[in-house]
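Next come the chains, spelled out residue by residue.
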Amino acid sequence: MSATLEFGHATGKIHFNAGVSENGHTIRKVKTYKNVTRQASASDLYTAFTQLASLCDYPMIKVERVITEDVQRTI
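Residues numbered from 1 in each chain as written. Predicted model: local features only at pLDDT ≥ 70, side-chain atom pairs only at ≥ 80, totals over all residues. Heavy atoms only, no water.

Draft legend 1. Looking closely at the overall build of the chain. Scanning the chain for helices and strands turns up 1 helix and 3 strands. Sequence-ordered secondary structure for the chain, helices as α and strands as β, is β-β-α-β. Summarising its shape, the C-alpha atoms of the chain cover approximately 55 × 30 × 15 Å along the three principal directions. Expressed as a percentage of the 75 residues in the chain, the buried residues total 15%. Only carbon and sulfur atoms are counted for the fraction: they give 49% of the accessible area of the chain, which is about 5,800 Å². Positive and negative side-chain charges in the chain, numbering 9 and 7 respectively, have mean positions lying 2 Å apart. (Helix = DSSP H or I, 4+ residues; strand = E, 2+ residues; numbered from the N terminus. Buried < 20%, exposed > 50% of the residue type's maximum accessible area, 1.4 Å probe, protein only. Areas by Shrake-Rupley, 256 points an atom, 1.4 Å probe, with all protein chains shown as cover. Lys, Arg positive; Asp, Glu negative; His and termini not counted. Charge placed at Lys NZ, Arg CZ, Asp CG, Glu CD.)

Draft legend 2. Here's a closer look at the environment of Lys31. As for its position among the elements, Lys31 is in strand β2 (residues 26-33). Lys31 sits in the partly exposed class, given a relative accessible area of 42%. Along the chain, Lys31 and Ile14 lie 17 residues apart, while their C-alpha atoms are 5.3 Å from each other. Contacts of Lys31, omitting those with residues within four sequence positions, involve Gly12, Lys13, Ile14 and Phe16. (Contact = heavy atoms within 4.5 Å.)

The following block contains the structure:
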C-alpha cells in the first residue's frame, strides 16, 4: 500500500511580542492570514508578512507558513 499527499490549504502566521506578563513571561500575539498560495517563495512571504507586521504596534517575533495536506491512499 502507498499513499500521496494532496495540498489542502496554507495559512500565514505572524507572531508578535505583546509585552511581558506579571510572571515575566513573554506575551505572544498571533495574527493568521488565510489563502496563502502554495507557490509563494520564502522571500515573497517574508516581504509580505513584514509589510503586514509593520501595520501593527507590536514588534514581530517570527513569521511562518502552515500547510495542511490530506493523506490519500493510492491503490
